[in-house]
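# Observations on the model geometry
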Amino acid sequence: MTDPVIANVHAREILDSRGRPTVEADLTLSDGTRVSASVPSGASKGRHEAVELRDGDAARYGGLGVRRAVASIADRIAPALRGRPPVQAEIDALLLELDGTPDKSALGANAILAVSLATARAAAAVAGVPLWRHLAGAGAPVLPLPMVNMISGGLHAGRQLDFQDFLIIPAGAPTYGEALHQCVAVYGALGELLARRGLTTLKADEGGYGPPLASHAAALDVLVEAIDRAGLTPGQDVVLALDVAASHLHDAETGTYRLASEGRVCDAAELTGLLEELVDRYPIVSIEDPLAEDDWDGWAHLTARLGGRIQVIGDDLFATNLARVERGLKAGAANAVLVKMNQIGTISETLAVVERAREAGLRTVISARSGETEDPALADLAVGAAGGQIKIGSVAQSERLAKYNQLLRIEEQLGGDGAFAGRSVLGHDNPESL
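Residues numbered from 1 in each chain as written. Predicted model: local features only at pLDDT ≥ 70, side-chain atom pairs only at ≥ 80, totals over all residues. Heavy atoms only, no water.

### Quick notes on the sheet that holds strand 2 (residues 21-29)
Cut-off, in case you're wondering: Strand pairing requires that DSSP identify at least two bridges connecting the strands. Comment: elements are numbered from the N terminus, with helices defined as DSSP H or I runs of at least four residues and strands as E runs of at least two. Note on geometry: axes are lines fitted to C-alpha atoms, helical ones only across the stretch in contact, with angles between N-to-C directions running from 0 to 180 degrees. Residue contacts follow a heavy-atom distance rule, with two residues in contact if any of their heavy atoms lie within 4.5 Å.
Here 3 strands make up an open sheet; going across it, the order is 1-2-3 and the pairing antiparallel. On the outer flanks of this sheet lie strand 1 (6-15) and strand 3 (34-38), each paired with one strand and no other. Between one strand and the next, the sheet's axes are offset by a mean angle of 20°, whatever the strand orientation. As judged from the 9 bridges shared by strand 1 and strand 2, these two strands associate in the antiparallel manner. The residue bridging Asn8 from the neighbouring strand is Thr28, located in strand 2. Strands strand 1, strand 2 and strand 3 of the sheet are contacted by helix 3 (residues 109-127), whose axis makes an angle of about 35° with strand 2.

### Observations concerning the packing of aromatic side chains
Operational definition: Working definition: rings of Phe, Tyr and Trp (its six-membered ring) pair if their centres are within 6.5 Å, and the pair is stacked with planes under 30 degrees apart, edge-to-face with planes over 60 apart, and tilted otherwise. Throughout, exposure labels follow a simple rule: accessible area from a 1.4 Å probe, protein chains only, divided by the maximum for the residue type, with under 20% read as buried, over 50% as exposed, and the rest as partly exposed.
One pass over the structure, following the stated rule, counts 2 aromatic pairs. Residues Tyr187 and Tyr209 carry aromatic rings whose centres are separated by 4.6 Å and whose planes lie at 10° to one another, so their mutual orientation is stacked. Pair noted here: Tyr187 is in helix 5 (residues 176-196) and Tyr209 is in the loop between helix 5 and helix 6 (216-229), with a separation of 22 residues, a long-range link. A single burial state applies to Tyr187 and to Tyr209, both of which are buried.

### Concerning helix 13 (residues 398-414)
What sets the pattern is the α-helix's 3.6 residues per turn: residues three or four places apart point alike. Here is the rule: Take the residue count of a helix, subtract one, and multiply by 1.5 Å to get its expected span.
Taking 1.5 Å of rise per residue, 17 residues should cover 24 Å, and helix 13 covers 24 Å from first to last C-alpha, within 8% of that figure. Turning to helix 13, its buried residues number three or more, namely Glu399, Arg400, Ala402, Lys403, Tyr404, Gln406, Leu407, Ile410 and Leu414. Looking at the buried residues of helix 13, the elements they touch are helix 4 (131-136), strand 4 (142-143), strand 5 (145-152), helix 5, helix 12 (377-384) and strand 15 (388-393). Gly415, located one to two residues past helix 13, shows a positive phi value of around 60°.

### A word on the side chain of Arg324
Filter applied, for reference: Side-chain atoms alone can form a polar contact between residues adjacent in sequence; in general such a contact is a pair of N or O atoms within 3.5 Å, and within protein one must be able to donate a hydrogen while the other accepts it.
Tracing the backbone through its elements, the reader meets Arg324 in helix 9 (residues 322-331). Since its relative accessible area comes to 11%, Arg324 is described here as buried. Of note is the side chain of Arg324, whose polar atom sits 3.4 Å from the side chain of His48. Among all residues touching Arg324, those that are not within four sequence positions of it are His48, Glu293, Asp294, Trp296, Asp316, Leu317 and Phe318.

### Concerning the pattern of salt bridges
The criterion, for reference: Throughout this description, the term salt bridge denotes a Lys or Arg side-chain nitrogen within 4 Å of a carboxyl oxygen of Asp or Glu.
What the rule picks out here adds up to 25 salt bridges. Salt-bridge contacts for Lys391 lead to Asp165; the nearest nitrogen and oxygen are separated by 3.6 Å. Placement of Lys391 in strand 15 and of Asp165 in strand 6 (residues 165-169) is noted, with a sequence separation of 226 residues between them. Here Lys391 and Asp165 have matching classes, each one buried. Glu326 is the partner of Arg356 in a salt bridge, and the nearest nitrogen-oxygen pair spans 2.7 Å.

### Description of the packing of helix 1 (residues 67-81) against helix 2 (residues 88-99)
Heads up, the rule is: Should the near helix be turned counterclockwise from the far one by less than a right angle, the crossing is left-handed, whereas a clockwise turn marks it as right-handed. Polar here means any residue other than Ala, Val, Leu, Ile, Met, Phe, Trp, Tyr, Cys and Pro, which are nonpolar, and Asp, Glu, Lys and Arg, which are charged; Gly is therefore polar.
Axis separation between helix 1 and helix 2 bottoms out at 11 Å; the angle between their running directions is 140°. As helix 1 packs across helix 2, the resulting crossing turns out to be right-handed. Contacts between helix 1 and helix 2 pair Arg76, Ile77, Ala80 and Leu81 from the former with Ile91, Leu94, Leu95 and Leu98 from the latter. Of the residues assigned to the contact of helix 1 with helix 2, the class counts are 7 nonpolar, no polar and 1 charged.

Here's what the structure looks like:
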């Protein structure tokens, strides 16, 4: 019997968790196997990300339709893939060749990723294994430590606070299942605290609460209180993380950052000092995008100053782009990489970034976007690539829970063979070091 080949690729426009269009692709093999994959979209986008192809027709979805990306699949990609085996490296290389641009602007990264991810699913189906096992290859799968959104600001919550996310990490949990339980407990306790204070418990894009708090310190204070209220110990059982998303606070002309909720304008050194003060006061072990995406000198200074104490994550800085990761290694900028499939556009390139980061001693955080779908592939990627950490959003909303629940299934499938990243992935092996 010959190995199955790709018989057809079909795409459609669907809606993401914000009610905005995105791309879903169906891939059918010659033996009748059919798989699907859909792609996310971010609200807080770095300018170095691969290009999503949008229609630009203001009369339809405010110009955000993706019929052009769907047409890319129907007219260019599907004919080129028919008759080819679903081999990831070969299909991804062909997709890049068909696009022919450095930023995937010809076919659209949204079209390319939908097909690339569907190819991974098809290859797993042919091998008769789950997607996470296929992505692991010869490597050992690892259940990730979750980094969970609790309070949102920035572009995710109407800029009630300047910083985009205030998150918790259940560093003391012995298993993924217990880590998820602790996050749900803190989320519930936080909702009760906000309600008692007469603050809104309405949710932001990723399911975190978006209350009108007076300052960033106030957000951290209520979060520490919620951890305690949940019967957990801040700094031991549960630690804190920030996503500053500083590019959106940055004025490129003056090189300054405007912090409206702090009532101040500061330069990179002053923002670094402010963040260091927060690290001194609170059990913060991770900060994402503390400075603007092209402030390489500022990043190097901040990493030298704080990188020995905390995880300094580059998101907009790296854009899941191998060339930018290499530049960061030379500059000494960041000690961790946020990994988002749709920032780069293919599974092969995503895995290459994870592997390079691992070789260089950088930590990796596999991340969702603010506009997500119910596709749980992110969970499989985090386990298969042994990313160590995962950032999905809050423990609310089906597009987030699809990934958290998939990790529960994978934990069950792994049984006693399943390694859980736990506290050590943060560089801390015991509670006293946090």
